[in-house]
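Remarks on the overall topology
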Amino acid sequence: MSEETINYLVYDTEADAIARADTEGARRGYAYHRVGSGTRYKTYPQVTADDKYALLVNGYELTEDEESAITTTVTFPEPEFV
């Protein structure tokens with residue numbers, strides 16, 4: 001059984017990462033984009049250890065520029081235990 005590579009696009013701002021996630025949701029015709037409620041995103045960005053935003057893009061329709069910007073290694077912050 002082969003494992004699928006996990007692909008991310010990394011953005012400087014959360015707003016840019018969310019905008020890209022929103023574009024993919026609209027392309028897929030998710031309910032939020034058709035009727036104003038329901039599923040909006042395929043994936044949602046996560047903050048990285050260096051305060052950027054990683055968006056998991058497996059299954060996304062990517063541009064050539066995005067394809068060349070993919071990274072497979074992202075460091076996330078250590079969880080804080082209360």
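These notes cover the structure that comes with them. In this text the structure is predicted, and so the values were computed from the model without any measurement.

In this section: the overall build of the protein. Each helix and strand in the protein was counted, giving 3 helices and 3 strands. What you see in the protein, going N to C, is helices and strands ordered as β-α-α-β-β-α. Dimensions along the principal axes, computed over C-alpha positions, put the protein at roughly 40 × 35 × 30 Å. Across the 82 residues in the protein, those meeting the buried criterion constitute 27%. For the protein, contacts bridging at least 24 residues in sequence account for 63% of all contacts bridging at least 6. Element-wise, carbon and sulfur atoms account for 47% of the exposed surface of the protein, whose accessible area totals about 5,900 Å².

Tracing the sequence through the fold places Thr48 in the loop between β2 (46–47) and β3 (53–56). Thr48 gets classed as buried once you look at its relative accessible area, which sits at 3%. Placed 30 residues apart in sequence, Thr48 and Glu78 show a C-alpha to C-alpha distance of 9.8 Å. Not counting chain neighbours up to four residues away, the residues in contact with Thr48 comprise Tyr53, Ala54, Val74, Thr75, Phe76 and Pro77. For Thr48, the side chain forms a polar contact with the side chain of Asp50, separated by 2.4 Å.

Below, the discussion takes up the nonpolar core. Formed by Leu9, Tyr11, Ala17, Ala21, Tyr53, Leu55, Val57, Tyr60 and Leu62, the largest nonpolar core amounts to 9 residues. Taken together, the elements giving at least two residues each to this core come down to β1 (8–11), α1 (14–28) and β3. Residues within four places of Tyr11 in sequence aside, it is in contact with Asp16, Ala17, Arg20, Lys52, Tyr53, Leu55 and Glu66.

Attention shifts here to the sheet that holds β1. As summarised here, the arrangement of the 3 strands in space is β1-β3-β2, forming an open sheet in which the pairing is antiparallel. Lying at the two open borders of the sheet, with one neighbouring strand each, are β1 and β2. Across 2 bridges, the pairing between β2 and β3 is antiparallel. The residue bridging Gln46 from the neighbouring strand is Ala54, located in β3. Lying over the sheet, α1 contacts β1 and β3, oriented at roughly 10° with respect to β3.

Turning our eyes to something else, we now look at the pattern of salt bridges. According to the stated counting rule, one finds 7 salt bridges in the structure shown. Residues Arg27 and Glu24 are paired through a salt bridge, measuring 2.7 Å at the closest nitrogen-oxygen approach. Here Arg27 and its partner Glu24 are both found in helix α1, 3 residues apart, which amounts to about one turn of the helix. Since its relative accessible area comes to 41%, Arg27 is described here as partly exposed. Look at Glu24 and you get buried, because its relative accessible area is 1%. Two residues, Glu24 and Arg28, come together in a salt bridge whose shortest N-O distance is 3.0 Å. Here Glu24 and its partner Arg28 are both found in helix α1, 4 residues apart, which amounts to about one turn of the helix. Shared partners join several salt bridges into a network, and the residues in it are Arg20, Glu24, Arg27, Arg28, Glu61 and Glu66.

Rules behind the numbers
- Residues numbered from 1 in each chain as written.
- Predicted model: local features only at pLDDT ≥ 70, side-chain atom pairs only at ≥ 80, totals over all residues.
- Heavy atoms only, no water.
- Helix = DSSP H or I, 4+ residues; strand = E, 2+ residues; numbered from the N terminus.
- Buried < 20%, exposed > 50% of the residue type's maximum accessible area, 1.4 Å probe, protein only.
- Contact = heavy atoms within 4.5 Å.
- Areas by Shrake-Rupley, 256 points an atom, 1.4 Å probe, with all protein chains shown as cover.
- Polar contact = N/O pair within 3.5 Å; in protein donor to acceptor, adjacent residues only side chain to side chain.
- Core = buried A, V, L, I, M, F, W, Y, C linked by side-chain atoms within 4.5 Å.
- Pairing = 2+ DSSP bridges.
- Axes fitted to C-alpha atoms, helices over the stretch in contact; angles between N-to-C directions.
- Salt bridge = Lys/Arg side-chain N within 4 Å of Asp/Glu carboxyl O.

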